[in-house]
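Coordinates in review
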Amino acid sequence: MIKRSILFLFSIVLLMACASSEKYLQKGQYDKAIDKSVKKLRKDPGNDKELYVLKEAYGKAQDFDKDRIDFLEKEGREENYVAIYDLYVRLDRRQDKIKTLPSSVLREFTLVNYDDRLIASKEQAAESSYALGVDYLERGGRENARRAYREFETVKSIYSNYKDVDAKLSQARYEGTNQVLFVIENNSESVLPVRFDQELRKIGLGDLNGTWIQYSVYEDEEVDYDYFVVLNIKDIMVSPEQITKEKYTDTKEIQDGTKYVLDENGNVKKDSLGNDIREPNFITVEAEVTETRQYKEGIVGGTIEYINIKTDQLEKREDISVKAFFEHFSANYNGDERALSKESKERVEVNQLAFPSNESLLIDAAELLKDKTKDVMYRNRGLLSKAEN
């Protein structure tokens, strides 16, 4: 099935690659027809069929773009200048392809100098986009700032150092960006260790920042925030220290020297040289293992809430919970050490440990909560990036 799919895709690609310039012309794909014909005419200038296709496709493509320019100029809208400039660029680049042909083919075409129109339309395009960007900024609001940013990007693509476009881009970017403050609230009626809050604030939200969203962990009074992301801690529980013991027996059959091989009469068997025959002597050994399990856990739970500060609305709430635990196994045994399994040997070789403090366990929980909170916030970036004027 996979091989058939690969062959099918390969066939499609091959057919597309083999499509003739005439086929492209018939479909109205003039630029593809031009590229195909130019390539063939470079190799074979006398190919009259390709010359015909090229003249047809080139003429239609150029006329189509010129007609579009005439319409946009007559319409007289400020935002049309960028499209007009792009069309002149396309006319000029298409003509550049013709210039690469042998002279015997090149004389079949009338070439036009577009330099003056390119320069004029380029200046108009940059000026109109710049003016639109400034106008959007003056209107205020996140959405208008984002529109302004797109206009200034267009200006930048036309002239990299046009007026103060870099400063305008920075201004539009800042004014179009939603500012989000991460807030930690403890509503659990339990006192959290100071280090718990400190650990959570190491959450590192920088990699969640996007074109239109900026996260902060510490409040800046000079920033006009759009959203609060509130980690609302409601439940904190640390279990008692638990020690449980379990006994089990390891058994193993091992070789303990050798023994004589006896015949049916109870006599020692001899080999062909008259020597006594011996065989491995196997015995079963056992050891009683007492395994000790130490266990303690800390659970922190609550919600992550998304609050729109502008509307004072709770836009979403998600439950969140993490569990940090300490678990340690040790053991001792009575009996034959040779009976111990690999796992039993490993546990016999360690001693019991001191239980972690409640604070230490909660700090571990904070680390887990930090990662999980970040995952939740990553999934909800779209909620916080929308623009509201």
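Calculation notes
- All residue numbers here refer to positions counted from 1 along the written sequence of the relevant chain.
- Note on the predicted model: pLDDT of at least 70 is required for a residue's local features to be given, and 80 or more for side-chain atom pairs to be given and counted; whole-chain, interface and lining totals, by contrast, use all residues.
- Only hydrogens and water are set aside; all other atoms, that is, all heavy atoms of the structure, feed into the side-chain values.
- Under the DSSP-based scheme used, a helix requires at least four consecutive residues in state H or I and a strand at least two consecutive residues in state E, with every element numbered from the N terminus.
- Restricting the calculation to C-alpha atoms gives the radius of gyration, and the globule rule supplies 2.2 Å times the number of residues raised to the power 0.38.
- By definition in these notes, contact holds between two residues if any of their heavy atoms fall within 4.5 Å.
- The accessible surface values rely on the Shrake-Rupley method and a 1.4 Å probe; as for residues, cover is taken only from the protein chains in view.
- By the counting rule applied here, Lys and Arg register as positive and Asp and Glu as negative, while His and the ends of each chain are not counted.
- By convention, the charge on Lys lies at NZ, on Arg at CZ, on Asp at CG and on Glu at CD.
- Helix span, as expected, comes to 1.5 Å for every residue beyond the first.
- Residue burial is assigned from relative accessible area. The probe radius is 1.4 Å, only protein chains are included, and a residue is buried under 20% of its type maximum, exposed over 50%, and partly exposed in between.
- Here the arc refers to the set of directions running from the helix axis out to each C-beta atom.
- Polar contacts here mean pairs of N or O atoms no more than 3.5 Å apart (in protein, one a potential hydrogen donor and the other a potential acceptor; neighbouring residues in sequence count only if both atoms are side-chain atoms).
- The working definition used for a salt bridge is a side-chain nitrogen of Lys or Arg within 4 Å of a carboxyl oxygen of Asp or Glu.
- Patches here: salt-bridge-free residues with over 30% relative accessible area, like charges joined within 9 Å, nonpolar side chains (Val, Leu, Ile, Met, Phe, Trp, Tyr) joined within 5 Å.
- In this text, buried Ala, Val, Leu, Ile, Met, Phe, Trp, Tyr and Cys residues form a nonpolar core when linked through side-chain atoms within 4.5 Å.
- Centres within 6.5 Å are what make two rings of Phe, Tyr or Trp a pair, Trp counting through its six-membered ring; a difference in plane orientation under 30 degrees is then read as stacked, over 60 as edge-to-face, and the rest as tilted.

Next up on the list: the overall build of the protein. Across its full length, the protein holds 13 helices and six strands. On C-alpha atoms alone, the protein measures out to a radius of gyration of 40 Å, which is more than a quarter above the 21 Å that the 2.2 N^0.38 rule sets for 389 residues. Long-range contacts, defined as pairs at least 24 residues apart, comprise 74% of the intrachain contacts of the protein with a sequence gap of at least 6. For the protein, the accessible surface area stands at approximately 23,600 Å², while carbon and sulfur atoms represent 48% of it. Side chains of the protein give 61 positive and 74 negative charges; the mean places of these two sets differ by 7 Å.

With 14 residues, helix H3 (residues 30-43) extends 20 Å between its outermost C-alpha atoms, agreeing within 8% with the 20 Å of an ideal straight helix rising 1.5 Å per residue. Of all the positions in H3, only Ala-33, Ile-34, Ser-37, Val-38 and Leu-41 are classed as buried. For H3, the angular spread of the buried residues around the axis is 130 degrees, confining them to a single face. More than 90 degrees from the buried face of H3, the exposed residues found are Lys-39 and Lys-43. In this structure, the buried residues of H3 make contact with helix H2 (21-26), helix H4 (48-75), helix H5 (80-99) and helix H6 (103-106).

Right, let's talk about H4 for a bit. Since there are 3.6 residues in each turn of an α-helix, residues three or four apart along the chain are aligned in direction. Look at H4: 40 Å from first C-alpha to last across 28 residues, which is about the 40 Å you get at 1.5 Å a residue. With a side-chain oxygen positioned 3.3 Å from the backbone nitrogen of Lys-49, the residue opening H4 is Asn-47. Immediately downstream of H4, the backbone of Gly-76 shows phi near 70 degrees, a positive value.

Turning next to the pattern of salt bridges. A side chain with one charge may pair with a side chain of the opposite charge, provided their charged atoms come close. Taken as a whole and assessed by the stated rule, the structure comprises 33 salt bridges. Across the pair Arg-77 and Glu-75 runs a salt bridge, and its minimum N-O distance is 3.8 Å. Judged by its relative accessible area of 41%, Arg-77 is partly exposed. Between Lys-202 and Glu-199 there is a salt bridge, with the nearest N and O atoms lying 3.7 Å from each other.

Attention now goes to a negative patch on the surface. Taken together, the side chains of Asp-63, Asp-67, Asp-70 and Glu-73 make up a negatively charged region of the molecular surface. By secondary structure assignment, the location of Asp-70 is in helix H4. On the basis of relative accessible area, Asp-70 is assigned to the partly exposed category, the value being 38%.

With that settled, the discussion passes to the environment of Lys-245. Relative to the assigned elements, Lys-245 resides in strand S4 (residues 242-260). The spatial distance from the C-alpha of Lys-245 to the C-alpha of Ser-330 is 9.7 Å, given a sequence separation of 85 residues. Beyond its immediate sequence surroundings of up to four residues, Lys-245 is in contact with Thr-290, Glu-291, Thr-292 and Gln-352.

This paragraph deals with the nonpolar core. Counting residues in each nonpolar core, the largest one holds 31 residues, and the members touching the most others are Phe-182, Phe-196, Ile-233 and Leu-369. Counting only elements with at least two residues in this core, the list comes to strand S1 (178-186), helix H10 (194-200), strand S2 (213-216), strand S3 (227-238), strand S5 (278-308), strand S6 (313-335) and helix H12 (358-379). Per-element accounting of this core gives the leading share, seven residues, to H12. Excluding residues within four positions of it along the chain, Ile-233 makes contact with Ile-184, Glu-185, Asn-186, Asn-187, Ser-188, Leu-192, Phe-196, Leu-200, Val-300, Gly-301, Gly-302 and Leu-369. If you look at the next biggest cluster of nonpolar residues, it comprises 27 residues, including Ile-69, Leu-118, Leu-137 and Ala-148.

Mapped onto the secondary structure, Ser-21 falls in helix H2. Leaving out residues up to four positions away in the same chain, Ser-21 has contacts with Ala-33, Lys-36, Ser-37, Glu-50 and Val-53.

Turning our eyes to something else, we now look at the packing of aromatic side chains. Between two aromatic rings, the relevant description is the distance of the centres plus the angle of the planes. Following the criterion strictly, the structure yields eight aromatic pairs and no others. On the basis of an interplanar angle of 65 degrees and a centroid distance of 5.8 Å, the ring pair of Tyr-130 and Phe-152 is categorised as edge-to-face. A residue pair is termed long-range when its members are at least 10 positions apart, and Tyr-130 in helix H7 (residues 115-139) and Phe-152 in helix H8 (residues 142-158) qualify at 22 residues. Side by side, Tyr-130 and Phe-152 carry an identical accessibility label, which is buried.

Phi is positive for Glu-189, close to 65 degrees, though the residue is something other than glycine. Mapping Glu-189 onto the fold places it in the loop between S1 and H10. Here the phi dihedral of Asp-312 falls at roughly 55 degrees; this positive angle occurs in a residue that is not glycine. Counting through the fold element by element, Asp-312 comes out in the loop between S5 and S6.

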